[in-house]
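Breakdown of the fold
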Amino acid sequence: MTALPAEKRYTYADLLSWEEDVRYELYDGYPIALDSPSRSHQRISLELGRQFGNHLIGKTCRVYNAPFDVRIFEEEGDSSRNVSTVLQPDLLVVCDPKKLDERGVRGAPDLVIEILSKTTRRLDLLSKYNIYQRAGVREYWIVDPDTQTVTVHTLEDGKYRSPAVVYRSDASVPVGVLEGFQVDLKTVFEE
């Protein structure tokens, strides 16, 4: 993960004009290049996406995986020149189809899942946590492949509830934004 020179702040319009073979996120105008995910990361992402996707067949909510631009603070009518925070969560669920367009999501998804890696750990645990909380993401999951745990942060009165709930690899995780659905972690962390 590499930051571009911080001489100026960039916008979503700038990001759209950059080389397509490098993925970037924008943090209040400051770009961070993203590394390719590991095999373990990809396997976990695929299994989570499969479980969510199967549950959402025939429903309004949809699951998406990276790369998928989340212009988290963008509002209706904003120009791409006005958007300075663009994230690419590993997985996300959106239940309001009006937030979706061909480029991704405008506004806060209902649920975001980030899978930790050595290069994204700090961003996922600090920067993204604060951004998702401020934007109103109702549920934020942090998946740690090393400890085989899922930490669930649930938004209450504009703040993530403390302490967060931590689930181990043999648990089923109830999905607060999708009534009656649980994710089976045994298959998520199965090697």
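Preceding block: the structure.
Residues numbered from 1 in each chain as written. Predicted model: local features only at pLDDT ≥ 70, side-chain atom pairs only at ≥ 80, totals over all residues. Heavy atoms only, no water.

**Things to note about the side chain of Lys 128**
For Lys 128, the position within the fold is in helix 3 (residues 121-135). Assessed through its relative accessible area of 4%, Lys 128 is described here as buried. Contacts of Lys 128, omitting those with residues within four sequence positions, involve Glu 25, Tyr 27, Leu 87, Gln 88, Glu 114, Leu 123 and Tyr 140. (Helix = DSSP H or I, 4+ residues; strand = E, 2+ residues; numbered from the N terminus. Buried < 20%, exposed > 50% of the residue type's maximum accessible area, 1.4 Å probe, protein only. Contact = heavy atoms within 4.5 Å.)

**A short note on the sheet that holds strand 5 (residues 69-71)**
In space, the 3 strands of this open sheet follow the order 5-8-7, with mixed pairing throughout. The open sheet has two edge strands, strand 5 and strand 7 (100-101), and neither has a second partner. Where strand 5 lies against strand 8 (residues 104-106), 3 bridges are found, and the strand directions are parallel. Paired with Val 70 across the strands is Val 105, a residue of strand 8. (Pairing = 2+ DSSP bridges.)

**Digging into the nonpolar core**
Counting 26 residues, the largest nonpolar core has Phe 52, Trp 141, Val 175, Leu 178 and Val 183 as its most contacted members. At the level of elements, helix 2 (39-56), strand 6 (91-94), strand 9 (111-115), strand 10 (139-144), strand 11 (149-156) and helix 4 (185-188) are the ones that each hand at least two residues to this core. In terms of nonpolar packing, the next biggest core, distinct from the first, is built from 19 residues, Ile 32, Val 105, Tyr 140 and Tyr 160 among them. (Core = buried A, V, L, I, M, F, W, Y, C linked by side-chain atoms within 4.5 Å.)

**Observations regarding the packing of aromatic side chains**
Tallied over the full model, the rule gives 8 aromatic pairs. Their ring planes at 70° and their centres at 4.9 Å tell us that Trp 18 and Tyr 24 sit as a pair that is edge-to-face. With centroids separated by 4.4 Å and ring planes inclined at 0°, the aromatic side chains of Tyr 64 and Phe 68 adopt a geometry described as stacked. Three or more aromatic residues joined by ring pairs make a cluster, and in this case those are Tyr 129, Tyr 132, Tyr 140 and Tyr 160. (Phe/Tyr/Trp six-rings, centres within 6.5 Å; stacked < 30°, edge-to-face > 60°.)

**Quick look at helix 2**
Given 3.6 residues per helical turn, the α-helix brings residues three or four places apart onto the same face. Compared with the 26 Å implied by 1.5 Å per residue over 18 residues, the 25 Å span of helix 2 between its first and last C-alpha is a close match. All of the buried residues along helix 2 are His 41, Ile 44, Ser 45, Glu 47, Leu 48, Gly 49, Gln 51, Phe 52, His 55 and Leu 56. Buried residues in helix 2 make contact with strand 4 (62-65), strand 6, strand 9, strand 10, strand 15 (182-184) and helix 4. Looking at the residues trailing helix 2, positive phi occurs at Gly 58, about 80°. (Expected span 1.5 Å × (residues − 1).)

**Remarks on the environment of Ala 33**
Looking at where Ala 33 falls in the secondary structure, it is placed in strand 3 (residues 30-34). A relative accessible area of 10% places Ala 33 in the buried class. A C-alpha to C-alpha distance of 6.7 Å links Ala 33 and Val 22, two positions 11 residues apart in sequence.

**Brief notes about the pairing of strand 10**
Residues in a regular strand project their side chains so that they alternate between the two faces of the sheet. The buried fraction of strand 10 amounts to 6 of the 6 residues, a majority that puts the element mostly inside the structure. Here strand 10 shows no split at all, with Glu 139, Trp 141 and Val 143 on one side and Tyr 140, Ile 142 and Asp 144 on the other all buried. Here strand 9 pairs with strand 10 via 5 bridges, running parallel. Across the sheet, the residue bridging to Val 112 is Tyr 140, located in strand 10. Between strand 9 and its parallel partner strand 10, the chain crosses via helix 3, and the hand of that crossover is right-handed. What sits between the antiparallel neighbours strand 10 and strand 11 is a turn of 4 residues, in which Gln 148 has the positive phi angle 50°. (Right-handed = clockwise from strand over helix to strand, strands pointing away.)

**Examining the pattern of salt bridges**
Enumeration over the complete set of coordinates arrives at 14 salt bridges. Notably, a salt bridge pairs Glu 47 with Arg 50, separated by 2.6 Å at the nearest N-O pair. Here Glu 47 pairs with Arg 50, and both are found in helix 2, just 3 residues apart, close to one helical turn. Note on Arg 50: relative accessible area 40%, which makes it partly exposed. Among the ionic pairs, Asp 124 bridges to Lys 128, the shortest N-O distance being 3.8 Å. Residue Asp 124 and its partner Lys 128 are located together in helix 3, separated by 4 residues, close to a single helical turn. Summarising the burial analysis for this pair, Asp 124 and Lys 128 share the class buried. (Salt bridge = Lys/Arg side-chain N within 4 Å of Asp/Glu carboxyl O.)

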